[in-house]
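# Reading the structure
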Amino acid sequence: MYNALRATLRHQVLNLLGLGAKPAPGIHILNGHRMAQEREPDTFRQLLTALVQEGVRLVCIEEAVAMIERGEHPDVCVVAFTFDDGFMECYDVFAPLLQEFGVNALFFVNPNYVAGNDAYVNWFNQHCVDTPGKRPMRWHHLRQLASQGFVIGAHTMDHRLMAAQSEDACRYQVVQCKDVIEQALGRACHDFAFPYGKLTDVDEPTIALACATYKHVFSQSDHRHYHSFQGRVINRRHFEPFWPVSHVNYFLSVHKK
């Protein structure tokens, strides 16, 4: 009896730490941003390898979104990837590794960061994303990724907090972002993710405008549910490529609805 109680307590502690969790059936969109420079690409490769060994099915982002839209309930854990902000490691590290595993990702970018001079890039890193020293992918990197089957989405012009923006500012950040990306890449931009990701970081007018402008709108909150805002916004789950697999498994163990 003592051993059974000890095993139960151990299992509960491991689950609280994310160490005893296993990926659950469902469709999960994992959203990352950056790498820990001293440890990549090894940790992301190890994470992807471990997920596959756990029985996770890695898929392209278009397939995951289509499955969600069709209301499918797979009997395995299905995972696709998005990355916000457009740092160079997306091009140098994440995209090549995902290609090794036969899948793509959706990269959400901020056009003014993509095209910014050093002063703007430093301001963006300091005030918008708190990642000093990062460098953005430029348009030629994004065109190459798009030609290889990766998807490029919009993340506002300047990574702005979109709650309570004026109508003109909202149209600039949301609608013009699409126009600039399409002109630079020569292809349609169907996907938008609002910055910071919490449901409180965006308001109803912004959601309405984004949904009228883009085919798909994404958040980074309420990851236990497939949708928010009356089914109009697809939810993602935050992760980073340098996280241990036990941490990622903890979030993948959620039974989504």
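Residues numbered from 1 in each chain as written. Predicted model: local features only at pLDDT ≥ 70, side-chain atom pairs only at ≥ 80, totals over all residues. Heavy atoms only, no water.

## Observations concerning the environment of N104
This is how the line gets drawn: Secondary structure is summarised from DSSP: a helix means a run of H or I of at least four residues, a strand means a run of E of at least two, and numbering begins at the N terminus for each. When checking whether two residues touch, look at their non-hydrogen atoms; a contact exists if any pair is within 4.5 Å. Polar contacts, as used here, are pairs of N or O atoms within 3.5 Å; protein pairs need one atom able to donate a hydrogen and one able to accept it. Residues neighboring in sequence count only if both atoms are side-chain atoms.
Within the element layout of this structure, N104 appears in the loop between α4 (89–100) and β4 (106–109). In sequence terms N104 and A184 are 80 residues apart; their C-alpha atoms lie 21 Å from each other. Beyond its immediate chain neighbours, meaning those up to four positions away, N104 contacts C60, I61, E62, L98, G149, F150 and V151. Engagement of the side chain of N104 in a polar contact is seen with the backbone nitrogen of I61, the distance being 2.9 Å. A polar side-chain atom of N104 sits 3.0 Å from the main-chain carbonyl oxygen of G149.

## Here's the deal with the packing of helix α8 (residues 167–185) against helix α9 (residues 204–213)
Each pair of packed helices gets described by two things: the angle between the helix axes and the distance between those axes. Where we set the bar: The axes used here are C-alpha line fits, helices contributing only the stretch in contact, and every angle between their N-to-C directions lies in the interval 0 to 180 degrees. For classification purposes, angles smaller than 35 degrees are called roughly parallel, those larger than 145 roughly antiparallel, those between 65 and 115 roughly perpendicular, and all remaining angles oblique. By definition, any crossing whose near helix is turned counterclockwise from its far helix by less than a right angle is left-handed, and any crossing with a clockwise turn is right-handed. Side-chain classes are defined by residue name, with Ala, Val, Leu, Ile, Met, Phe, Trp, Tyr, Cys and Pro counting as nonpolar, Asp, Glu, Lys and Arg as charged, and the others, Gly among them, as polar.
Two numbers describe how α8 lies on α9: the axes approach to 10 Å, and their chain directions differ by 15°. With respect to α9, the axis of α8 lies roughly parallel. By crossing handedness, the relation of α8 to α9 is classed as right-handed. Touching C170, R171, V174, V175 and K178 of α8 are T206, L209, A210 and T213, all from α9. Of the residues belonging to the contact of α8 with α9, the class tally is 5 nonpolar, 2 polar and 2 charged.

## Side note on the pattern of salt bridges
The condition that has to hold: The rule for a salt bridge is simple: a side-chain nitrogen of Lys or Arg has to be within 4 Å of a carboxyl oxygen of Asp or Glu. Using a 1.4 Å probe on the protein chains alone, a residue whose accessible area is under 20% of its type maximum counts as buried, one over 50% counts as exposed, and one in between counts as partly exposed.
One pass over the structure, following the stated rule, counts 9 salt bridges. Residues E100 and R45 are paired through a salt bridge, measuring 3.1 Å at the closest nitrogen-oxygen approach. Here E100 is found in helix α4, whereas its partner R45 is found in helix α2 (residues 42–53), with 55 residues between them in sequence. Its relative accessible area of 52% is what places E100 among the exposed residues. On the basis of relative accessible area, R45 is assigned to the partly exposed category, the value being 30%. Ionic pairing is found between E89 and K134, a salt bridge with its closest N-O pair at 2.6 Å. On the criterion of sequence distance, the pair formed by E89 in helix α4 and K134 in the loop between α6 (118–129) and α7 (139–147) is long-range, its members being 45 residues apart.

## Quick notes on the side chain of H33
By the element assignment, H33 lies in the loop between β1 (26–32) and α2. Separated by 2.9 Å, the side chains of H33 and E240 make a polar contact. Sequence-distant contacts of H33, that is, excluding residues within four places in its chain, are made with F83, D84, D85, F87, F94, Q220, H238, F239 and E240.

## Here we look at the packing of aromatic side chains
Just so we agree on the cut-off: Pairing of aromatic side chains requires ring centres within 6.5 Å, counting the rings of Phe and Tyr and the six-membered ring of Trp. Pairs whose planes differ by under 30 degrees are stacked, by over 60 edge-to-face, and all others tilted. We count a charge as sitting over a ring when the NZ of a lysine or the CZ of an arginine lies within 6 Å of the ring centre and within 35 degrees of the ring normal.
Overall, the coordinates contain 18 aromatic pairs when judged by the stated rule. On the numbers, 6.4 Å between centres and 40° between planes, the contact of F44 with F239 is tilted. Note that F44 is positioned in helix α2 and F239 in the loop between β10 (237–238) and α10 (245–252), a separation of 195 residues in sequence. Accessibility classification places F44 together with F239 in one group, the buried group. The structure contains a cluster of three or more aromatic residues connected by ring pairs, namely F44, F81, F83, F94, F107, F150 and F239. In this structure, K134 packs its charged tip against the face of F87, placed 5.9 Å from the ring centre. Here R237 stacks its cationic end above the ring of F251, 3.4 Å away from the centre of that ring.

## So, α2
We count it as follows: The span expected for a helix works out to 1.5 Å for each residue beyond the first. Note that the arc is defined by the directions from the helix axis to the C-beta atoms.
For α2, with 12 residues, the first-to-last C-alpha span of 16 Å sits near the 16 Å given by 1.5 Å per residue. Taken as a whole, α2 has its buried residues at T43, F44, L47, L48, A50 and L51. Viewed end-on, α2 has its buried residues packed into an arc of 165°, placing them on one side of the element. Turned more than 90 degrees away from the buried face of α2, the exposed residues are Q46 and Q53. Lining the buried residues of α2 we find β2 (57–58), β3 (77–84), α4 and α10. Immediately beyond the C-terminal end of α2, within one or two residues, lies G55, with a positive phi of roughly 95°.

## Comments concerning the confidence of the model for the chain
Note the following rule: pLDDT measures the predictor's confidence residue by residue and takes values from 0 up to 100.
With 91% of its residues at a pLDDT of at least 70, the chain reaches an overall mean of 90. Every residue in residues 1–15 is under pLDDT 50, and counting partners more than four places away or in other chains gives 6 contacts.

## Re the packing of α2 against α10
Remark: α2 packs on α10, axes separated minimally by 10 Å, with the N-to-C direction vectors making an angle of 50°. Overall, the two elements α2 and α10 adopt an arrangement that is oblique. The element α2 and its partner α10 pack so that their crossing is right-handed. Mapping the contact onto sequence places L47, A50 and L51 in α2 and V245, V248, N249 and L252 in α10. Here the residues of the contact of α2 with α10 sort into 6 nonpolar, 1 polar and no charged.

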